[in-house]
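Architecture at a glance
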Amino acid sequence: SLVSRPTRRADVHGDLLEVEGLAVRLPGEARPILDGLGLRLAPGEVTGVRGRSGCGKTTLLGVVSGLVPWLRSAEVRGEVRMAGESLAEIDPGQRAHLIGTCLDRPDAQLFLPTVGHELDAARRLHGNGASLERAAEALGVTRLAGHRVTELSSGQRQRVALAAALAASPRPVLLDEPTAHLDSDGVAALLGLLAAAAAEGGSCLLNEQSGWRLAGSVGGWLELRGGVLEPCPVPVAPRFPAPPPAEHRAVLTAADVTVERGGATLLSGVDLELRAGEIVLLTGANGAGKSTLARVLAGLRRPYRGAVRCDGRVVLMLPSAELQLFAGTVAEEVTASGASNRDVARVLRRHRLEHLAARAPWTLSRGERQRLVHAALDLQRPAVMIVDEPAQGLDPEDLTAFVDLVRRRAAKGRAYLVISHRVELAAAAHRHLAIAGGRIEEVAP
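Now for a description of the structure that goes with this document.

Quick notes on the rules
- Residues numbered from 1 in each chain as written.
- Predicted model: local features only at pLDDT ≥ 70, side-chain atom pairs only at ≥ 80, totals over all residues.
- Heavy atoms only, no water.
- Pairing = 2+ DSSP bridges.
- Helix = DSSP H or I, 4+ residues; strand = E, 2+ residues; numbered from the N terminus.
- Expected span 1.5 Å × (residues − 1).
- Buried < 20%, exposed > 50% of the residue type's maximum accessible area, 1.4 Å probe, protein only.
- Contact = heavy atoms within 4.5 Å.
- Polar contact = N/O pair within 3.5 Å; in protein donor to acceptor, adjacent residues only side chain to side chain.

**Describing the pairing of strand β1 (residues 17-25)**
As paired strands, β1 and strand β2 (residues 34-41) are joined by 6 bridges and run antiparallel to one another. Each residue of the ladder has a partner; that of E18, found in β2, is R40. Sheet analysis places β1 next to strand β4 (residues 75-82), joined by 7 bridges and oriented antiparallel. Paired with L17 across the two strands is M82, which belongs to β4.

Laid out in structure tokens, this is it:
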């Protein structure tokens, strides 16, 4: 088994979590996705797991939490123990009292009407009001207590799910891509919470593709490859080349646009121009209105005031990829655009999806779903492509491939608006815009 280095140690009173000889084979797969995997997570340890998208990171957390095979069919061998006791006969509902879990899709674990209801449920489940209040306050969730969950942004929902999971501390906590939708303030808050939990004897096992954002709180990193875990260096952010020259011709213009959500004004007086071949990065705090603006620019939502004009087709890649996947297989999802068999094969190969052609989209990993949606939208050859949080679930290699494709499409005249909290993408953009105080401002290089 593998032992991670403790981030901090104090009075240890958490529970030792052990995984031994874990082998998992998913339905229809000839080879196991996990094969003899071992792991030891002691109280006071924060351990990060990295690996190519689709390598089994989410499956590993699913087995530990009990979601695999109870809710997702799989052949599972090996043992998961907590404090020396096997969890084999304990279903996910019972394990939820022992282990806090934040899934890679917060929407999949938020069921109650308001944020306050979700916090009350976490308090009843874990019985540790101090940990919950600390997490809710640090993540800015306390002030959202009266808000309906359906009115929250993706980042705000992730903050709520994280607070509910961290309420389990000092028991072990599992976090799947915890920074996917978090702004810089949210990441800083999570860093502090992980350090505080470790200092009190809590432990955390987390999957994270952008591990450099959490480098200050993770005691050790493991890479999942070939079904087993091995120690690896601290992840570093990829570096991107400057974008190709853009044209001066405007293809999308927003004039004096006001954007509202839930009756509240998020943005006002927005004047925005995207030029042919231009790559623009848009950042902003959780809940600032980035995704709502994206829907307005794509014509999926009417602005409260102002007008949007576009010279050509606009497509939008939503932050939740599963909302844009409808076909029975990966190949059918791509052929729905009307592409020839030759083009379908080429696109699947370009996006590292050819080996998944016969798989149902809902069985894919988060990164694989992101790549599939981008592939399908790319085939529509739009004049403007708006991609909302495209990096979630993408490992550094896939993110580099995504940026390379964006550069090549921009060189042929396509405009891109990239919405992301990953500021390292600014190096690949012509302009970096940020939402602050309900306005859009240009960020100096």
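**Examining the pairing of strand β11 (residues 250-261)**
As defined by bridge partners, β11 adjoins strand β12 (residues 264-275) across 8 bridges and the pair is classed as antiparallel. The partner of E260 across the bridge, within β12, is T265. Here β11 folds back onto β12, and the loop between the two strands holds 2 residues, one of which, G262, carries a positive phi near 60°. Inspection of the sheet shows β11 paired to strand β14 (residues 305-310) by 5 bridges, in the antiparallel sense. Bridge assignment links A254 to a residue of β14, and that residue is V308.

**Regarding helix α7 (residues 184-199)**
With 16 residues, α7 extends 23 Å between its outermost C-alpha atoms, agreeing within 8% with the 22 Å of an ideal straight helix rising 1.5 Å per residue. Among the residues of α7, those classed as buried are G186, V187, A189, L190, L193, L194, A197, A198 and A199. Residues of α7 that are buried make contact with β3 (46-50), α5 (129-138), α6 (154-166), β7 (173-176) and β8 (204-207). The N-cap residue of α7 is D183: its side-chain oxygen and the backbone nitrogen of D185 are 3.2 Å apart. Once α7 ends, the next one or two residues include G201, with phi positive near 90°.

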